[in-house]
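One-letter residues, chain by chain:
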Amino acid sequence: THRSNVHYLSSPEDDDKRGCSRFVYPAASQAIVYCKVNKTQSFYSAHTDTILSLTVHPGGLYVASGQCGHRADVHVWNGLTQETEAVLPLHTVGVNMLSWGFDGSKLVSVGMDKDHTVALWDWQARKILASGVCGEATMLGSAISEDDKTICVVGVKSVLFFDIDGRALRAKPGIITSKGKRQAFCSVAYNNNQAYVGCASGEIYKFNGRKVTQVFEAHGFGESVLTLSRCDATGGLISGGSDGLCVVWDRSMKIVGSAIDMAEDVGDEGKGDSTPKLDCAVLACAIRGNFVLLGTAGGDIFEIKNTDDDRYVHKVVSSHSNDTLSCLASHPTELVVASAGSDKTLRIWSVRRKVLVDLRVLPTAGTALCFSPKTGDSLCLGLSSGGIAIFDMYLNVELAFQHCSKPITCAKYSPNGHLLAIGSEDTNIYLYDPTKGYSRMGVCRGHSAPVMHIDFSVNSKYVQSNDAAYDVCFWDQWGDAVSESLTGTSLPGGGGKISCAVSSLVAGLWED
């Protein structure tokens with residue numbers, strides 16, 4: 001999971017009471033600018049692959065973002081208009097670290113190629129000022145000193161300081177001394193031209209030149225300091241850790257106030273609630289005035305307002321995490337959708353209000369979803385374990401049973417609601433009767449590959465299915481194979497909704 005990818009933007013709507021009105025974060029190949037005032041999103045869509053790194057110019061207007069791919073370009077763009085200012089081509093594989101110089105005239109990028117190439121850019125002139133390599137160690141964080149003379153890149157058992165020598169960046173290793181130990185170094189930030197490095201041990205090392213001179217206990221023992229950045233409000237730093245803590249430091253590296261603890265169950269009103277606990281490790285933190293913006297490993301973004309009298313926590317963005325959003329289903333009558341994925345959560349979203357309505361933590365990943373027809377009172381969820389669960393609209397479990405030993409791949413109710421078809425990686429389709437406690441009515445056997453799509457006929461008497469080998473099969477309501485001609489014209493067409501990617505109804509869409 002990539003870190004330090006959530007940042008405030010400056011805009012004309014900003015004020016002391018509400019703080020910054022906009023912030024930016026990545027999602028897949030899109031960079032999203034979120035406006036808190038009217039709850040709208042704007043998108044920067046020029047990237048061609050997943051965005052791995054993102055940072056905001058010290059002036060708060062420009063955004064630099066780096067992607068993965070064979071051509072892993074760095075884009076610099078206007079955060080308010082989403083217009084491209086510069087494209088910086090150099091890296092391959094990916095760009096997982098970006099950092100601005102103190103005045104914003106220079107930009108540092110670190111690539112994911114074998115040697116982890118480091119480049120110092122004059123981004124406005126679109127040219128490389130100097131470049132070097134880190135070596136084969138996995139690199140996790142980078143920063144440039146306020147005087148733009150030194151670049152620090154940290155990683156697994158590696159702290160490197162790069163000096164600019166003409167067009168070359170010359171690396172010198174950091175000297176850990178007896179005060180610390182060599183370990184995974186996860187983050188780095190400069191303050192007063194001194195490097196502060198966040199460690200896997202939960203400590204922060206202060207470097208004077210290339211030597212460790214002080215060690216600060218920052219987070220819990222063995223809880224990595226995952227993100228570290230300057231805090232202009234205190235003249236110090238702000239750190240986030242795998243323990244879910246966000247800590248603000250002053251210029252003498254003393255903790256300011258109490259730490260923000262995201263491991264506590266905090267709801268939208270700033271008080272404890274019954275929301276299931278997700279991964280609360282802090283991967284990104286930004287601060288403007290009394291407002292702190294936090295991004296967590298669970299895919300959520302929180303804004304915390306810190307005052308002398310109170311602390312208010314508000315979740316501004318909710319999302320799935322852990323790579324894959326596996327399934328999505330829309331309610332038949334309401335502006336509501338359900339989603340599930342590899343993060344082992346089932347979520348209900350309000351399309352009209354643009355918010356997460358409800359969430360349930362699952363025992364395994366969700367792989368298939370469908371609402372019951374007409375009323376949408378029931379929600380069927382298939383799991384990677386082969387289990388089936390039926391929920392009501394409040395995500396209370398109405399029924400759960402083990403369907404098979406293979407992952408569920410698709411699920412669909414018949415139009416009249418009297419049948420539920422479940423497709424599986426075991427190549428079979430199972431038919432259940434919801435009106436009789438979901439008793440099994442039949443099994444459709446005949447596919448040679450995992451079943452991928454299922455459609456019912458308009459009269460609910462026939463089933464059409466596709467598998468991963470692009471075969472098309474037809475079945476009656478008892479699970480017996482039938483020919484397409486027997487289904488007549490009752491299969492969905494015209495205004496009907498279909499899921500099968502291969503059928504006579506979509507003839508002409510595929511080359512073969």
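This one's a predicted model, so the numbers in the text were calculated from it and none came from an experiment.

Draft legend 1. Representation of the overall build of the protein chain in the model. Along its length, the protein chain carries zero helices and 41 strands. Overall, the protein chain is about 80 × 55 × 45 Å in size when its C-alpha atoms are taken along their principal axes. Counting over 512 residues, the protein chain shows a buried share of 53%. Sequence-distant contacts in the protein chain: of pairs separated by 6 or more residues, those separated by 24 or more amount to 40%. In the protein chain, the 45 positive side-chain charges and the 54 negative ones have mean positions that sit 5 Å from each other.

Draft legend 2. Main features of the packing of aromatic side chains. Enumeration according to the criterion identifies eight aromatic pairs in this entry. Arranged with centres 5.3 Å apart and planes meeting at 55 degrees, the rings of Tyr 62 and Trp 123 form a pair that is tilted. With a gap of 61 residues between them, Tyr 62 in strand 6 (residues 62-78) and Trp 123 in the loop between strand 9 (117-122) and strand 10 (127-133) connect regions that are remote in the sequence. On the basis of relative accessibility, which here comes to 23%, the residue Tyr 62 falls in the partly exposed class. Aromatic rings pair up to connect Phe 23, Tyr 25 and Tyr 34 into one cluster. Lying over the aromatic face of Phe 291, Lys 36 brings its terminal NZ or CZ to 5.3 Å of the ring centre.

Draft legend 3. Broad picture of the nonpolar core. If you look at the biggest cluster of nonpolar residues, it comprises 16 residues, and the most contacted ones within it are Leu 346, Leu 369, Leu 379, Leu 381 and Phe 391. Contributions of two or more residues to this core are made by strand 27 (325-330), strand 28 (336-341), strand 29 (345-350), strand 31 (366-371), strand 32 (379-383) and strand 33 (387-391). Here Phe 391 is in contact with Leu 346, Arg 360, Leu 362, Asp 377, Ser 378, Leu 379, Leu 381, Asn 396, Val 397 and Glu 398, once residues within four sequence places are set aside.

Draft legend 4. The side chain of Asn 96, seen in detail. Topologically, Asn 96 is positioned in strand 7 (residues 84-100). Residues in contact with Asn 96, not counting those within four places in the same chain, are His 2, Leu 52, Ser 53, Val 110, Gly 111, Met 112 and Met 139.

Draft legend 5. Focus on the sheet that holds strand 38 (residues 439-444). In space, the four strands of this open sheet follow the order 35-36-37-38, with antiparallel pairing throughout. On the outer flanks of this sheet lie strand 35 (408-413) and strand 38, each paired with one strand and no other. For this sheet, the mean inter-axis angle between neighbouring strands, taken without regard to orientation, is 20 degrees. In this structure, strand 37 (residues 429-433) lies alongside strand 38, joined through five bridges in antiparallel fashion. Bridging across to strand 38, Asp 433 finds its partner in Ser 439.

Draft legend 6. Region of interest: unusual backbone geometry. Backbone geometry places Lys 157, a non-glycine residue, at a positive phi of 55 degrees. With respect to the secondary-structure elements, Lys 157 resides in the loop between strand 12 (150-155) and strand 13 (158-165). The phi dihedral of Met 253 falls on the positive side, at around 60 degrees, and the residue is not glycine. Following the sequence through the fold, Met 253 ends up in the loop between strand 21 (245-248) and strand 22 (260-261).

Draft legend 7. Examining the sheet that holds strand 34 (residues 397-402) more closely. Here four strands make up an open sheet; going across it, the order is 31-32-33-34 and the pairing antiparallel. The strands lining the two open edges of the sheet, one partner per strand, are strand 31 and strand 34. Geometrically, the sheet is characterised by an average inter-axis angle of 15 degrees between neighbouring strands, direction not taken into account. Alignment of strand 31 against strand 32, held across five bridges, turns out to be antiparallel. Bridging across to strand 32, Gly 366 finds its partner in Leu 383.

Rules used throughout
Residues numbered from 1 in each chain as written. Predicted model: local features only at pLDDT ≥ 70, side-chain atom pairs only at ≥ 80, totals over all residues. Heavy atoms only, no water. Helix = DSSP H or I, 4+ residues; strand = E, 2+ residues; numbered from the N terminus. Buried < 20%, exposed > 50% of the residue type's maximum accessible area, 1.4 Å probe, protein only. Contact = heavy atoms within 4.5 Å. Lys, Arg positive; Asp, Glu negative; His and termini not counted. Charge placed at Lys NZ, Arg CZ, Asp CG, Glu CD. Phe/Tyr/Trp six-rings, centres within 6.5 Å; stacked < 30°, edge-to-face > 60°. Lys NZ or Arg CZ within 6 Å of the ring centre and 35° of its normal. Core = buried A, V, L, I, M, F, W, Y, C linked by side-chain atoms within 4.5 Å. Pairing = 2+ DSSP bridges. Axes fitted to C-alpha atoms, helices over the stretch in contact; angles between N-to-C directions.

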